[in-house]
Each structure stands twice: as structure tokens, then as C-alpha cells.
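Report on the structure
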Amino acid sequence: GALVIGPPVSIVSAIGNAARSGVLMKGGEHLERAGKIDLVAFDKTGTLTKGETTVSDIEGFGVAAADVLSLAATAEKKSEHHLADAIVDMARERQTAATDGGATVAQADDTDVGRRSVPDPDDFDVVAGKGVIAHADGQEVVVGNRALLDDRDVDVPDRVADYVREREGRGETVVHVVRDGDIIGAIAMRDELREAAPGVVAALQDAGIETVMLTGDNDRTAAAVAEEVGIDEYRAELLPEDKQSVIEGYQADGHVVAMVGDGINDAPSLATADVGIAMGAAGTDTAIETADMALMADDLERIPYAVKLSKATRWNVLENVGLAVLTVTVLLAGVLTSYVTLASGMLVHEASVLLVILNGMRLLRY
């Protein structure tokens, strides 16, 4: 009886404890596997950072910064990418400030109103992982990273490259704005780190767990963020399928990998990892559905807690199994030597069941 009931009590107690602490686990299998994790891979945007990208600087090259922003906002208006949202929001804010000296601020605060104030592009095309290409007022407008410009044979002057390099060195993401084949400006954007990120990474490292950051950002931005967070290793300029391949590579090397992400682009990696952890409140439905755990409060500090709880659960299960096997051994020896009667044997049996239940319930207070 104790052997049968011990492990389920431990696991259910741990899952209940985790739920009260804002960590939803989709079953005991994932809980047990989390205790074996030796490498945690983090997505950057929305995971290590707050996912609240804002425009930090706009630079025009022979064109006014306001015109650079206006063209970029028009090209990005129909995009659902977080960088596009930041550009459109900045254009909306500037239009709001310029309207009647700010008299219509209350009306323009609504996002839909703001987006309607930005003109629609004549056509629009997304180049996955690189940027967008649009046409507006008879002009071709390209907004994207260096890879997109290289694909379209756009020449990048030294002063543009220097500006981009300097902003990326600060951990910012920079997109180029190209009009009819010529670079007219660049927009730098920043996403603030979560305050808890460095502490969480340090806690995992102290527990002997390796950490790695996987991001679609360029190498300089990734390096700056990784250094600020204190992360062991980073991989930059990754598409969703590249992140999945990186996870598979770590698994092939013998690691038990957890992937922490929040967006739809992280779903393949979350599904591939041994334990997928979604940032619940900020994460997309796809990420939450794919993951094995969800952090409902977007609290990164729950990750070390979940790993330690899983390890404690595994030890608790072993304790219960040990108690059960010891009870069976004692009773069997007592029966064979006639020291145990039916009544005393049943008493010891029931006592052992109660003992493993109480031991398992200790995890409720972990």
C-alpha cells in the first residue's frame, strides 16, 4: 500500500505547491524531469527583457528624423512584430504631441486611433527574421536589419555602419530605413532587462546549471545583453528553426535542456526542449499551450524555485519508496519468523501508508 500511494502523494503535493506559487505544471512527468535539468536556454525579448520595446533614438542621413520615422511607421503599420509596434507607437505619440499643442491627447491615447493616424502602405511584405518591404506614395520602403539590406544589395555607408555599431554596443536593436534603394535613416530601439534576470541566472549557475541565451538579434546586441545579465553563452541571429536546432544540439551532447520563452516564435524550441517553460501572462497562447510549465506572474525567480522543488520531489519520492520497501522487508521477515500476526501486520501496514502520506505532504510547505 505504501509503495503504491507514496509517489503520487509526493507529486500531487508538489504540483499544488507550485500552483500556489504561480507555476502551473502539466503533470508529474514534467515535474520529475525538471529535477534533472542541467542547462537552461533563455529567449531574450520578453523573457530576459520586459518585452516593452521603445524607440531610443532616430538618426536621419540626409533626411529629417521625423521623415525617417514617418516612412518607417507606414511600412511597419501592418506588421505584428514588437519592433514594428514600437515604431508605430512613437509615430503616434509625435503626431499626438503635434496635434493642437497636445489638446487631443486623451482621444489619441487609444492604440487603434493612433494606428489609423499612420497612413496605410500600398502593399506590404514580411521577410521572416529580417524586416519588411512596402510601397507608399510610389516609393519602395525597406525597414530591416543588415541581412535584409545585403539580400537587396543595398550599400551601407561607413557613417551608417558606425552609428549602428555604436547603438548595438549599448544592447539596442537597430533597423535601417531604406527609400528606393538608399539608406535614409536608422531607428534604435531598446527593451529594458527584467530586474530579476541577473539574480536568476546567478542562482541557476550556483546550482550547477549552465545558462545560454538564444536570440534573433545581431551579435553585438546579444553580447551586450549577455554580459549585462551574466549569462554563460549566447547564440545570436537565430530564426525559430535555428533555435530548435540549437536545443537539439545540446540534447545530443547529453544535456537535459529547459527552454524559457514567451512568443509564438519560441513554440518549436519549447516543444523540443526536455522541459518547456512559458512566460504565462505575457506569453502567447501558442507558447503556453506548447510548454510543460507556465509562469503565470512572469516572475523569472520562479524558475530556480521550480527546479529546486522538482529535485526535492524526487528525493521525497525516493524516501517514500525506501520506507515502503523497508516496511515490506520487516513484515516479510516477521511473518517467516512468526513474530508478526495478522493484526500486528495490518497495523504496521496502515501505519506505513500514513507515514508516506505525511512525508509527501511536507512538500506542500516547501
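Residues numbered from 1 in each chain as written. Predicted model: local features only at pLDDT ≥ 70, side-chain atom pairs only at ≥ 80, totals over all residues. Heavy atoms only, no water.

1. Observations regarding the packing of helix α1 (residues 2-20) against helix α15 (residues 302-336)
Keep this limit in mind: Only the contacting stretch of a helix is used when fitting its axis, a line to C-alpha atoms as for every element, and angles between N-to-C directions run 0 to 180 degrees. Here a helix means four or more residues in a row that DSSP labels H or I, a strand means two or more in a row labelled E, and each is numbered from the N terminus. Note that the term roughly parallel is reserved for angles under 35 degrees, roughly antiparallel for angles over 145, roughly perpendicular for angles of 65 to 115, and oblique for everything else. Take the far helix as the reference: if the near one is turned anticlockwise from it by less than a right angle, the crossing is left-handed, and if turned clockwise, right-handed. The contact rule is simple, with two residues in contact once any of their heavy atoms fall within 4.5 Å. Under the scheme applied here, ten amino acids are nonpolar (Ala, Val, Leu, Ile, Met, Phe, Trp, Tyr, Cys and Pro), four are charged (Asp, Glu, Lys and Arg), and all others, including Gly, are polar.
Here α1 crosses α15 at 160 degrees, and the two axes come no closer than 8 Å. Taken as axis vectors, α1 and α15 run roughly antiparallel relative to one another. When you trace α1 past α15, the crossing you get is right-handed. Contacts from Ala2, Leu3, Gly6, Pro7, Ser10, Ile11, Ala14, Asn17 and Ala18 in α1 reach Tyr305, Leu309, Thr313, Asn316, Val317, Asn320, Val321, Ala324 and Val325 in α15. When the residues that make up the contact of α1 with α15 are grouped by side-chain class, the tally is 12 nonpolar, six polar and no charged.

2. A closer look at the pattern of salt bridges
Stated precisely, the cut-off is as follows: One speaks of a salt bridge when a side-chain nitrogen belonging to Lys or Arg is within 4 Å of a carboxyl oxygen belonging to Asp or Glu.
In total, this model carries 20 salt bridges according to the counting rule given. Between Arg33 and Glu29 there is a salt bridge, with the nearest N and O atoms lying 2.6 Å from each other. With Arg33 and Glu29 both in helix α2 (residues 28-34), this residue pair falls four residues apart, about one helical turn. We note a salt bridge from Glu192 to Arg190, for which the minimum N-O separation is 3.6 Å. Through salt bridges that share partners, Asp43, Lys243 and Asp266 make up one connected network.

3. Description of the sheet that holds strand β5 (residues 131-136)
The cut-off we apply is this: Strands are treated as partners if at least two bridges between them are detected by DSSP.
Across the sheet, six strands lie side by side as β3-β8-β7-β6-β5-β4; this open sheet has antiparallel pairing. The open sheet has two free edges, formed respectively by β3 (54-60) and β4 (123-127), since each of these has just one partner strand. Taken pair by pair, the neighbouring strands of this sheet meet at an average axis angle of 20 degrees, ignoring direction. Looking at chain direction, β5 and strand β6 (residues 139-144) are connected through six bridges and run antiparallel. From the neighbouring strand, Ile133 faces β6, where its bridge partner is Val142. Lying over the sheet, helix α4 (residues 65-76) contacts β3, β4, β5, β6, β7 (173-179) and β8 (182-190), oriented at roughly 80 degrees with respect to β8.

4. Thoughts on the confidence of the model for the protein
Applicable threshold: For every residue, the pLDDT score states the predictor's confidence, bounded by 0 at the bottom and 100 at the top.
The share of residues in the protein with pLDDT of 70 or more is 93%, and the mean pLDDT across the chain is 87. Averaged pLDDT values over the elements of the protein bottom out at 41 in helix α6 (residues 105-108) and peak at 95 in strand β9 (residues 210-214). Ignoring residues within four places in sequence, the model shows residues 103-115, a span with pLDDT below 50, making 15 contacts including any to other chains.

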